[in-house]
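Examining the three-dimensional arrangement
The lines below spell out each chain.
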Amino acid sequence: NNDDGFKLDFPGAPTVTTTTFKSEYGADLPAHVYSATKGQEQYSLTVVDYREAPRLLDEKAKATCPKDFPDERSCGLTNAVASRTEKINASATYGFLQRNAKLTHLAYAWQDLVAGHELQLLNPDNSRTFAFIAMHTDRLYILEGTVPKGYPPPVLFQQSMGYVDRNGNGMR
(Lines give C-alpha, C1' and ligand atoms only; values in the text may rest on other atoms or scores of the structure.)
Protein backbone atom coordinates (compact mmCIF):
# COMPACT_ATOMS: atom_id res chain seq x y z
CA ASN A 1 0.00 0.00 0.00
CA ASN A 2 1.81 3.09 -1.24
CA ASP A 3 -0.43 5.55 0.65
CA ASP A 4 0.22 3.93 4.04
CA GLY A 5 3.84 3.12 3.17
CA PHE A 6 4.05 -0.65 3.65
CA LYS A 7 4.25 -4.01 1.93
CA LEU A 8 3.03 -7.14 3.68
CA ASP A 9 2.06 -10.68 2.69
CA PHE A 10 -1.47 -11.39 3.95
CA PRO A 11 -2.96 -14.89 3.52
CA GLY A 12 -5.57 -13.32 1.23
CA ALA A 13 -6.84 -9.91 0.16
CA PRO A 14 -7.22 -7.85 3.36
CA THR A 15 -10.31 -5.92 4.31
CA VAL A 16 -9.56 -2.24 4.95
CA THR A 17 -11.36 -0.31 7.69
CA THR A 18 -10.94 3.40 8.40
CA THR A 19 -10.95 4.32 12.08
CA THR A 20 -9.32 6.63 14.63
CA PHE A 21 -6.63 5.86 17.17
CA LYS A 22 -6.34 7.78 20.44
CA SER A 23 -2.71 8.70 21.00
CA GLU A 24 -1.04 8.56 24.39
CA TYR A 25 -1.68 12.29 24.92
CA GLY A 26 -5.25 12.28 23.65
CA ALA A 27 -5.04 13.17 19.95
CA ASP A 28 -7.56 11.33 17.76
CA LEU A 29 -5.47 10.22 14.80
CA PRO A 30 -6.64 8.73 11.51
CA ALA A 31 -5.90 5.05 11.06
CA HIS A 32 -6.48 2.15 8.68
CA VAL A 33 -6.86 -1.46 9.78
CA TYR A 34 -5.98 -4.09 7.20
CA SER A 35 -7.28 -7.51 8.25
CA ALA A 36 -7.54 -11.00 6.84
CA THR A 37 -8.44 -14.44 8.14
CA LYS A 38 -7.40 -17.91 7.04
CA GLY A 39 -9.53 -20.52 8.78
CA GLN A 40 -9.03 -19.84 12.49
CA GLU A 41 -5.97 -17.66 11.93
CA GLN A 42 -6.36 -13.87 12.16
CA TYR A 43 -3.99 -11.27 10.72
CA SER A 44 -4.06 -7.49 10.91
CA LEU A 45 -1.99 -4.41 10.38
CA THR A 46 -3.08 -1.08 11.86
CA VAL A 47 -1.43 2.01 10.39
CA VAL A 48 -1.86 5.19 12.44
CA ASP A 49 -1.00 8.50 10.77
CA TYR A 50 0.93 10.70 13.21
CA ARG A 51 1.70 13.48 10.70
CA GLU A 52 -1.00 15.75 12.15
CA ALA A 53 -0.24 14.94 15.81
CA PRO A 54 1.69 18.19 16.50
CA ARG A 55 -1.17 20.35 15.17
CA LEU A 56 -3.83 18.34 16.99
CA LEU A 57 -1.93 18.45 20.27
CA ASP A 58 -1.33 22.21 19.89
CA GLU A 59 -5.07 22.72 19.34
CA LYS A 60 -5.75 20.63 22.42
CA ALA A 61 -3.24 22.71 24.41
CA LYS A 62 -4.89 25.98 23.33
CA ALA A 63 -8.26 24.62 24.37
CA THR A 64 -7.09 23.25 27.72
CA CYS A 65 -4.39 25.69 28.90
CA PRO A 66 -5.74 28.02 31.60
CA LYS A 67 -6.45 31.52 30.29
CA ASP A 68 -4.32 33.07 33.03
CA PHE A 69 -1.41 30.66 32.51
CA PRO A 70 1.74 32.78 33.04
CA ASP A 71 3.55 31.49 29.97
CA GLU A 72 1.32 30.28 27.15
CA ARG A 73 4.39 29.21 25.21
CA SER A 74 5.44 26.68 27.82
CA CYS A 75 1.93 25.23 27.97
CA GLY A 76 2.01 24.76 24.19
CA LEU A 77 5.61 23.62 24.36
CA THR A 78 4.61 20.89 26.76
CA ASN A 79 2.23 19.55 24.13
CA ALA A 80 4.84 19.96 21.38
CA VAL A 81 7.27 17.92 23.49
CA ALA A 82 4.51 15.37 24.09
CA SER A 83 4.05 15.14 20.31
CA ARG A 84 7.76 14.42 19.77
CA THR A 85 7.72 11.90 22.61
CA GLU A 86 4.77 10.12 21.05
CA LYS A 87 6.57 9.94 17.72
CA ILE A 88 9.65 8.48 19.37
CA ASN A 89 7.98 6.21 21.92
CA ALA A 90 4.52 5.74 20.44
CA SER A 91 3.49 2.14 20.61
CA ALA A 92 0.52 0.00 21.27
CA THR A 93 2.63 -2.19 23.52
CA TYR A 94 0.71 -1.10 26.59
CA GLY A 95 -2.56 -2.07 24.91
CA PHE A 96 -1.29 -5.58 24.33
CA LEU A 97 -0.13 -5.82 27.93
CA GLN A 98 -3.64 -4.88 29.13
CA ARG A 99 -5.23 -7.84 27.37
CA ASN A 100 -6.43 -10.90 29.22
CA ALA A 101 -3.38 -12.85 28.06
CA LYS A 102 0.00 -13.98 29.36
CA LEU A 103 3.03 -12.18 27.96
CA THR A 104 5.53 -14.86 26.90
CA HIS A 105 8.00 -12.74 24.92
CA LEU A 106 8.88 -9.04 24.73
CA ALA A 107 11.91 -7.85 22.80
CA TYR A 108 13.37 -4.89 21.00
CA ALA A 109 13.45 -6.07 17.38
CA TRP A 110 13.59 -4.93 13.74
CA GLN A 111 11.45 -5.48 10.68
CA ASP A 112 12.98 -4.20 7.44
CA LEU A 113 15.60 -2.42 9.60
CA VAL A 114 12.95 -0.43 11.49
CA ALA A 115 13.20 -0.88 15.26
CA GLY A 116 10.18 -1.67 17.38
CA HIS A 117 8.68 -3.97 19.98
CA GLU A 118 8.07 -7.65 19.34
CA LEU A 119 5.56 -9.41 21.59
CA GLN A 120 4.11 -12.86 21.98
CA LEU A 121 1.02 -13.56 24.06
CA LEU A 122 -0.66 -16.75 25.21
CA ASN A 123 -4.42 -16.14 25.14
CA PRO A 124 -6.95 -17.77 27.53
CA ASP A 125 -8.10 -20.17 24.78
CA ASN A 126 -4.43 -21.21 24.27
CA SER A 127 -4.21 -19.43 20.93
CA ARG A 128 -1.07 -17.36 20.49
CA THR A 129 -0.71 -13.76 19.35
CA PHE A 130 2.46 -12.47 17.73
CA ALA A 131 2.83 -8.71 17.34
CA PHE A 132 5.32 -6.14 16.11
CA ILE A 133 4.93 -2.42 16.82
CA ALA A 134 7.05 0.31 15.23
CA MET A 135 7.07 3.96 14.21
CA HIS A 136 8.34 4.84 10.72
CA THR A 137 7.94 8.06 8.70
CA ASP A 138 5.44 9.48 11.22
CA ARG A 139 3.25 6.39 11.08
CA LEU A 140 2.65 3.83 13.80
CA TYR A 141 2.49 0.25 12.52
CA ILE A 142 0.81 -2.41 14.68
CA LEU A 143 1.23 -5.85 13.14
CA GLU A 144 -0.66 -8.75 14.72
CA GLY A 145 -1.14 -12.42 13.91
CA THR A 146 -3.13 -14.83 16.08
CA VAL A 147 -3.08 -18.59 15.56
CA PRO A 148 -4.88 -21.43 17.38
CA LYS A 149 -3.14 -23.81 19.76
CA GLY A 150 -0.85 -26.18 17.91
CA TYR A 151 -0.53 -24.04 14.78
CA PRO A 152 2.87 -22.77 13.65
CA PRO A 153 3.62 -19.14 14.52
CA PRO A 154 2.71 -16.59 11.84
CA VAL A 155 6.36 -15.74 11.14
CA LEU A 156 5.99 -15.53 7.36
CA PHE A 157 3.38 -12.83 7.86
CA GLN A 158 5.48 -10.99 10.43
CA GLN A 159 8.78 -11.28 8.55
CA SER A 160 7.27 -10.07 5.27
CA MET A 161 6.70 -6.58 6.71
CA GLY A 162 8.46 -3.89 4.70
CA TYR A 163 8.20 -0.16 4.10
CA VAL A 164 7.68 1.52 0.73
CA ASP A 165 7.80 5.04 -0.66
CA ARG A 166 4.96 6.77 -2.53
CA ASN A 167 5.90 4.91 -5.71
CA GLY A 168 5.84 1.49 -4.05
CA ASN A 169 9.61 1.10 -4.02
CA GLY A 170 11.05 -0.66 -0.99
CA MET A 171 12.82 1.64 1.45
CA ARG A 172 15.71 -0.83 1.81
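This one's a predicted model, so the numbers in the text were calculated from it and none came from an experiment. Here the residue numbers are simple positions, counted from 1 along each chain's written sequence. Residue-level local features of this predicted model are given only where pLDDT is at least 70; pairs of side-chain atoms are given and counted only at 80 or more, and the full residue set underlies all totals for whole chains, interfaces and linings. Side-chain numbers here rest on the full set of heavy atoms in the structure, without hydrogens or water.

Re the pattern of salt bridges
Any carboxyl oxygen of Asp or Glu that lies within 4 Å of a side-chain nitrogen of Lys or Arg is treated as forming a salt bridge with it. Counted under the stated rule, the structure contains four salt bridges. Of the charged contacts in the structure, one is a salt bridge between glutamate 52 and arginine 55, with a shortest N-O distance of 2.7 Å. For glutamate 144, the salt bridge goes to arginine 99, with nearest N and O atoms at 2.7 Å. Of this pair, glutamate 144 sits in strand 8 (residues 139-147) while arginine 99 is found in the loop between helix 3 (93-97) and strand 5 (102-111), placing the two residues 45 residues apart along the sequence. Working definition: helices are DSSP H or I runs of at least four residues, strands are E runs of at least two. Numbering for both runs from the N terminus.

A few points about a nonpolar patch on the surface
By definition, no residue in a patch forms a salt bridge, and every one has over 30% relative accessible area; like charges are joined within 9 Å, nonpolar side chains (Val, Leu, Ile, Met, Phe, Trp, Tyr) within 5 Å. Computed with the Shrake-Rupley method and a 1.4 Å probe, the accessible areas treat only the protein chains shown as cover for residues. Together, Leu97, Leu103 and Leu106 give the surface a local cluster of nonpolar side chains, amounting to about 240 Å² of exposed area. Within the secondary structure, leucine 103 is located in strand 5.

Quick notes on the sheet that holds strand 4 (residues 41-49)
Paired strands, in this sense, are two strands between which DSSP finds at least two bridges. As summarised here, the arrangement of the seven strands in space is 2-3-4-8-7-6-5, forming an open sheet in which the pairing is antiparallel. What marks the edges here is a single partner per strand, and that holds for strand 2 (15-22) and strand 5. Shown here is a sheet whose adjacent strand axes are inclined to one another by a mean of 20 degrees, direction ignored. Pairing of strand 3 (residues 28-38) with strand 4 involves eight bridges; the strand directions are antiparallel. Note that in strand 4 the partner of serine 35 across the bridge is serine 44. Comment: axis = line fitted to C-alpha atoms, over the contacting stretch for helices; angle = value between 0 and 180 degrees taken between N-to-C directions.

What about the layout of surface pockets?
Two kinds of site are reported from a 1 Å grid over the protein atoms alone, namely cavities, where a 1.4 Å probe fits but cannot get out, and pockets, open sets with protein on both sides within 12 Å along at least five of seven lines, and residues are called lining when an atom falls within 4 Å of a point. Grid points are joined across faces, edges and corners, and a volume is the space filled by probe spheres set on the points. Considering only enclosed or pocket space, the largest pocket measures out at about 220 Å³ in volume. Around the largest pocket, the lining is made up of 13 residues, and of these Glu41, Tyr43, Pro154, Leu156 and Phe157 lie nearest the centre. When residues of the lining of the largest pocket are traced back to their parent elements, those giving at least two are strand 4 and helix 4 (155-159). By residue number, the principal contributor to the lining of the largest pocket is helix 4, which donates three residues.

What about the nonpolar core?
Here is a general trend for soluble globular proteins: nonpolar side chains tend to be buried in one another's company. Remark: nonpolar core denotes a set of buried residues (Ala, Val, Leu, Ile, Met, Phe, Trp, Tyr, Cys) joined through side-chain atoms within 4.5 Å. Remark: exposure states derive from per-residue accessible area (1.4 Å probe, protein chains only) relative to the maximum for the residue type, with buried under 20%, exposed over 50%, and partly exposed in between. Core analysis: the biggest nonpolar cluster contains 19 residues, and Phe6, Leu8, Phe10, Leu45 and Met161 have the highest contact counts within it. Counting residues per element, the ones that place at least two in this core are strand 3, strand 4, strand 7 (128-136) and strand 8. Filtering out sequence-adjacent residues up to four positions away, leucine 45 remains in contact with Phe6, Leu8, Phe10, His32, Val33, Tyr34, Tyr141, Ile142, Leu143 and Met161. Residues Ala31, Ala53, Ala131 and Ile133 belong to the second largest nonpolar core, which totals 16 residues. Residues count as neighbours in contact if any of their non-hydrogen atoms are within 4.5 Å of one another.

Here's the deal with the pairing of strand 7
Where burial is concerned, most of strand 7 is hidden: eight out of the nine residues are buried. In this structure, the hairpin formed by strand 6 (residues 114-122) and strand 7 is closed by a connection of five residues, where asparagine 126 is found at a positive phi of approximately 70 degrees. Summarising the sheet, strand 7 and strand 8 pair through nine bridges and their orientation is antiparallel. When the sheet's bridge partners are listed, threonine 129 is paired in strand 8 with threonine 146. Two successive antiparallel strands, strand 7 and strand 8, enclose a turn made up of two residues, where threonine 137 displays a positive phi of approximately 45 degrees.

Some remarks on the packing of aromatic side chains
Only centres within 6.5 Å qualify two rings of Phe, Tyr or Trp (six-membered ring in Trp) as a pair; their planes then separate them into stacked at under 30 degrees, edge-to-face at over 60, and tilted for everything else. For the structure on display, the rule yields five aromatic pairs. Ring geometry for tyrosine 43 versus phenylalanine 157: centroids 4.9 Å apart, planes at 65 degrees, classification edge-to-face. With a gap of 114 residues between them, tyrosine 43 in strand 4 and phenylalanine 157 in helix 4 connect regions that are remote in the sequence. Here the two residues tyrosine 43 and phenylalanine 157 agree in accessibility, since each one is buried. Plain terms: the ring middles of tyrosine 108 and tryptophan 110 are 5.5 Å apart, the flat faces sit at 75 degrees to each other, and that makes the pair edge-to-face. Like tryptophan 110, tyrosine 108 is exposed.

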